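In case you want the letters, here they are:
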There are 2 protein chains.
Amino acid sequence: MYKQFAITAITLLLTVTSQAPSWAGRVLDRIRQTGVITAGARTDAIPFGYKNEKGEWVGYSLDILELIRQETEKQLGKPIKLQLVEVTPENRFTKIKDQSIDIECGSTTVTWAREKEVDFSVSYFASGTKLLVKKGSQLETVESLAGMRIGVIPNTTNEKAIKFQQPAAQLVTVKDRLEGLQKLEKGEIDGFASDGIILEGLKQTASNSNALEIVPEYPYMYESYACVIPQDESQWRDLVNYSLIQYMGGIVSDQQSAVSIYERWFGFNGKVPYSRENINSYFQGIIDTYEWIPLIDY
Amino acid sequence: MYKQFAITAITLLLTVTSQAPSWAGRVLDRIRQTGVITAGARTDAIPFGYKNEKGEWVGYSLDILELIRQETEKQLGKPIKLQLVEVTPENRFTKIKDQSIDIECGSTTVTWAREKEVDFSVSYFASGTKLLVKKGSQLETVESLAGMRIGVIPNTTNEKAIKFQQPAAQLVTVKDRLEGLQKLEKGEIDGFASDGIILEGLKQTASNSNALEIVPEYPYMYESYACVIPQDESQWRDLVNYSLIQYMGGIVSDQQSAVSIYERWFGFNGKVPYSRENINSYFQGIIDTYEWIPLIDY
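Described below are features of the structure shown in this document. Nothing here was measured: the structure is a model prediction, and the numbers come from that model.

The rules behind the values
Residues numbered from 1 in each chain as written. Chains lettered and ligands numbered in written order. Predicted model: local features only at pLDDT ≥ 70, side-chain atom pairs only at ≥ 80, totals over all residues. Heavy atoms only, no water. Contact = heavy atoms within 4.5 Å. Buried area = accessible area lost by both parts, 1.4 Å probe. Salt bridge = Lys/Arg side-chain N within 4 Å of Asp/Glu carboxyl O. Polar contact = N/O pair within 3.5 Å; in protein donor to acceptor, adjacent residues only side chain to side chain. Helix = DSSP H or I, 4+ residues; strand = E, 2+ residues; numbered from the N terminus. Nonpolar A, V, L, I, M, F, W, Y, C, P; charged D, E, K, R; others polar. Disulfide = S-S within 2.5 Å. Buried < 20%, exposed > 50% of the residue type's maximum accessible area, 1.4 Å probe, protein only.

1. Observations concerning the interface of chain A and chain B
One widely used convention gives an interface's size as the accessible area the parts lose upon coming together.
Point 1. Listed as interface residues are 70 residues of chain A and, on the opposing side, 70 residues of chain B.
Point 2. Buried area between chain A and chain B, summed over both chains or domains, comes out near 6300 Å², and the portion from carbon and sulfur atoms is 60%.
Point 3. There are four salt bridges connecting chain A and chain B.
Point 4. Here Arg237 of chain A and Asp119 of chain B are joined by a salt bridge, their closest N and O atoms 3.0 Å apart.
Point 5. Counting the contacts that link chain A with chain B gives 19 residue pairs in polar contact (both at pLDDT 80 or more).
Point 6. Per element, the largest residue contribution to the side of chain A that touches chain B is 10 residues, and it comes from helix H1 (residues 3-18) of chain A.
Point 7. Its residues placed into classes, the side of chain A that touches chain B shows 33 nonpolar, 18 polar and 19 charged.

2. Observations regarding the side chain of Arg42 of chain B
Residue and element names in this part refer to chain B.
Point 1. Considering the arrangement of structural elements, one finds Arg42 in the loop between strand S1 (36-41) and strand S2 (44-45).
Point 2. Engagement of the side chain of Arg42 in a polar contact is seen with the side chain of Asp44, the distance being 3.0 Å.
Point 3. Among the polar contacts listed, one links the side chain of Arg42 to the side chain of Ser107, at a separation of 3.5 Å.

3. Some details on the state of the cysteines
Residues and elements named next belong to chain A.
Point 1. Under the counting rule described, the total for this entry stands at two disulfides over all chains.
Point 2. The disulfide bridge from Cys105 ends at Cys227, spanning 2.2 Å between sulfur atoms. Measuring handedness by torsion sign, the sulfur bridge of Cys105 and Cys227 sits at about 110° and is right-handed. Note that Cys105 is positioned in the loop between strand S6 (103-104) and helix H5 (112-115) and Cys227 in strand S12 (residues 222-229), a separation of 122 residues in sequence. Like Cys227, Cys105 is buried.

This is how it looks when you write it as structure tokens:
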């Protein structure tokens, strides 16, 4: 706290840094040797990783992996290629643990149970529990949910979120999203709870789309998407985090090259439109906890 | 993203979790064997770690370490003691690197250069660059700094923050905080830039304290304080992070036992008063990127 100590620390730091070892660790050593990052991605998780109409493998997380590749190339000072490997929810953690892949970026959410098996990067996307309701329903605040009939799919994080935020909500079990939408349209429930980004897609499929809305602006509870990396690989995680936070800095600063990546997938004309305000506020919260990174143009 | 995959993942997760290894890693193995967490703390960093009037070693970071001790005891299922070791800005990173301490919690800020040597927990306090100004100065927004004379101590993160946020500000070098205050009082500068929490203390020492104010409400740039831990100790970091995020959950939920820890040091009648709104918003940003943790009473 004393500024004189801070200055000493800065001097010390500069000394330490110039003697710092170059990037090291099992994963980084392998990447340096082979010139390849082996990365797991999804083929079925729109818009994170999927096959488009032309059969091309595309998605937000593939673009994110490309940013990580560029930064790795810069830090290691040699050309680095990205080799994509298809992963599924069933095999993604195994492949990370046996290090047959160096990283997985898809739609994997951060949980404490998973932290015991693998490590996570900083979160690079957030969805979270919201409600699909009829316009003018007055449902929005946590308080407004008390006593209301809220449709939930059992055992989802959405069910957990509504139970936690408003124990007095009346939960109605539905078997899938379609049934949730139908019950809402028939007036059998007052709202249907799911991930904000899922509800955006569901609302588009409704016949009476204009009569529906998604509330509240910020989710009742967030669900954090992050890249998965092997445990005990601190410097690899640092490099991944640095790439991601640099990108987030571009997003909150409205930097064209960063924003264009986001907008391609989540913009108004993107694959699955999702509020920029939500993600800006979420990214800012992450950026604030790290040292500021100068922006670069991609 | 597809809920059916999420459900599969949850099922898979429960299976994986029940087979999960117990907490492991060099640090956790040592703590389990010795029954002791060896923790570095400061004796000169008010209110993070210092000797009080009675000569007792106290502070916010010592209270935080006690929370980590309690959680470690719970997770390892055996009594764990905390052994405090005095560290300085000069030796704190060396002691972490040679593992003579398992963790250091003080007033260490997160930087990317340091990340190459050590790991950081999630940030457990944030200060950041603000300005001490005369009341009614109109200085507050980034735009308002253009052309204004802003006092800075050279080579500080505060100097860097003002330069970055408003390149058109006119920087005036001062040698220390006292000179900054004097120049402000004499009208030789329009504002003095330093850490918000440092300015709170400085303002209290001014003869004309009531004529001064600190702006803006949220810092121009944050500086993140975190605990330091050895690299490549993922599970130890998870346990530390879990303890810290659980505490933050208590703070943003106004839970009495968590809030009383914060208020003891940063409350209105605490050692160095610091805005709860600032810290709530900062902690919420961290909490949002992790899975929700049930609150506990300390």
